[in-house]
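Structural characterization, general
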Amino acid sequence: MFFLPFIFAVITSCTKQSVSVTSNEPVPATVNKTVLLQLVNDARKKGCNCGNTYYAPAPALTWNDQLEKAAYLHASDMYQKKYFSHTGSDGSGSGERISAVGYSWKFYGENIAAGYQTEKGVISGWLSSPGHCANIMNKNFRQMGVARAGDYWTQDFGSR
């Protein structure tokens, strides 16, 4: 059977809403944070064509554990319940989930993917997609966290 990875992006900075986080489980070390941050920051440092739009170089991002936790909770929810969407199984949006882990944001964004097995593969997939690439290159974002559950990935971005 031939399986294509899926990716989907949301770019937004809308009104905050509240949602409760029902999981207290720790974020497992299932991703190589150093590799993910390096791949993203390499693209930001050079500038990037995202589809037909060129994005000039952007400042490097730093890793944020709260964004990683929000990413993990969403990737885990998608993996466990076998769905693929920015809307959580509880109806939450990405901004709500990011707020729920205690990250007070001014801007946020989210990329999701499924079917990738490596950090390099998922970042390459996101950079090949105009919407995901735009999130990665967004100068409003200062921090990121990425997590995976099975082959479901979530990348959350934020600025305070």
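Everything discussed here concerns the structure shown above.
A brief report on the enclosed structure follows. Keep in mind it's a predicted model, so treat the numbers as computed, not measured.

This part takes up the overall build of the chain. On a plain count of helices and strands, the chain comes out with 5 helices and 7 strands. Shown N-terminal to C-terminal, the secondary structure of the chain runs as helices and strands in the order β-α-β-β-β-α-α-β-α-α-β-β. Looking at the chain as a whole, 48% of its 160 residues are labelled buried. Long-range contacts, defined as pairs at least 24 residues apart, comprise 75% of the intrachain contacts of the chain with a sequence gap of at least 6. A total of about 7800 Å² of accessible surface is found on the chain, and carbon and sulfur atoms cover 53% of it.

Tallied over the entire structure, the rule returns 1 disulfide. Looking at Cys 48, it has no disulfide partner, and the nearest cysteine sulfur is the one in Cys 133, 3.5 Å off.

So, on to the nonpolar core. It is characteristic of soluble globular proteins that their nonpolar side chains tend to be buried jointly. In terms of nonpolar packing, the biggest core is built from 22 residues, with Leu 36, Leu 61, Val 122, Trp 126, Met 137, Met 144 and Trp 153 touching the most fellow members. Among the elements of the structure, α1 (33–46), β2 (48–50), α4 (119–127), α5 (130–137), β6 (143–149) and β7 (152–159) are those that each provide at least two residues to this core. With sequence-adjacent residues up to four places away left out, Val 122 is seen in contact with Ala 113, Tyr 116 and Trp 153. Listed in part, the 11 residues of the second largest apolar core include Ala 70, Val 101, Trp 105 and Tyr 108.

Turning next to the pattern of salt bridges. Applying the stated criterion across every chain yields a total of 4 salt bridges. With its nearest N and O atoms 3.8 Å apart, the salt bridge here joins Asp 65 to Lys 33. Highlighted residues: Asp 65 in helix α2 (residues 65–81) and Lys 33 in helix α1, separated in sequence by 32 residues. Look at Lys 33 and you get partly exposed, because its relative accessible area is 34%. Among the ionic pairs, Lys 33 bridges to Glu 68, the shortest N-O distance being 3.3 Å. Here Glu 68 lies in helix α2 and Lys 33 lies in helix α1, a separation of 35 residues in the sequence. Through salt bridges with shared partners, a single network forms among Lys 33, Asp 65 and Glu 68.

On to the pairing of strand β5 (residues 107–114). Burial within β5 is extensive, with 7 of its 8 residues counted as buried. Pairing analysis gives 8 bridges linking β5 to β7, with the strands arranged antiparallel. Bridge pairing links Ile 112 to Thr 154 in β7.

Following both chains from N to C, one finds α1 and α4 inclined at 30 degrees, their axes separated by 9 Å at the closest point. Comparing the axis directions of α1 and α4 gives the class roughly parallel. When the axes of α1 and α4 are compared, the crossing they make is right-handed. When α1 is examined against α4, the residues Val 35, Leu 36, Leu 39, Val 40 and Ala 43 are found in contact with a partner set consisting of Glu 119, Lys 120, Ile 123 and Leu 127. In terms of residue class, the contact of α1 with α4 is built from 7 nonpolar, no polar and 2 charged.

So, on to the packing of aromatic side chains. Within the structure shown, the criterion is met by 3 aromatic pairs. Ring centres of Tyr 79 and Tyr 152 lie 6.2 Å apart, and the angle between their planes is 70 degrees; this geometry places the pair in the edge-to-face category. You can see Tyr 79 sitting in helix α2 and its partner Tyr 152 sitting in strand β7, a full 73 residues away along the chain. The ring of Tyr 79 has Lys 82 lying over it, and the distance from NZ or CZ to the ring centre is 3.8 Å.

Definitions and cut-offs
- Residues numbered from 1 in each chain as written.
- Predicted model: local features only at pLDDT ≥ 70, side-chain atom pairs only at ≥ 80, totals over all residues.
- Heavy atoms only, no water.
- Helix = DSSP H or I, 4+ residues; strand = E, 2+ residues; numbered from the N terminus.
- Buried < 20%, exposed > 50% of the residue type's maximum accessible area, 1.4 Å probe, protein only.
- Contact = heavy atoms within 4.5 Å.
- Areas by Shrake-Rupley, 256 points an atom, 1.4 Å probe, with all protein chains shown as cover.
- Disulfide = S-S within 2.5 Å.
- Core = buried A, V, L, I, M, F, W, Y, C linked by side-chain atoms within 4.5 Å.
- Salt bridge = Lys/Arg side-chain N within 4 Å of Asp/Glu carboxyl O.
- Pairing = 2+ DSSP bridges.
- Axes fitted to C-alpha atoms, helices over the stretch in contact; angles between N-to-C directions.
- Parallel < 35°, antiparallel > 145°, perpendicular 65-115°, else oblique.
- Left-handed = near helix turned anticlockwise from the far one by under 90°.
- Nonpolar A, V, L, I, M, F, W, Y, C, P; charged D, E, K, R; others polar.
- Phe/Tyr/Trp six-rings, centres within 6.5 Å; stacked < 30°, edge-to-face > 60°.
- Lys NZ or Arg CZ within 6 Å of the ring centre and 35° of its normal.

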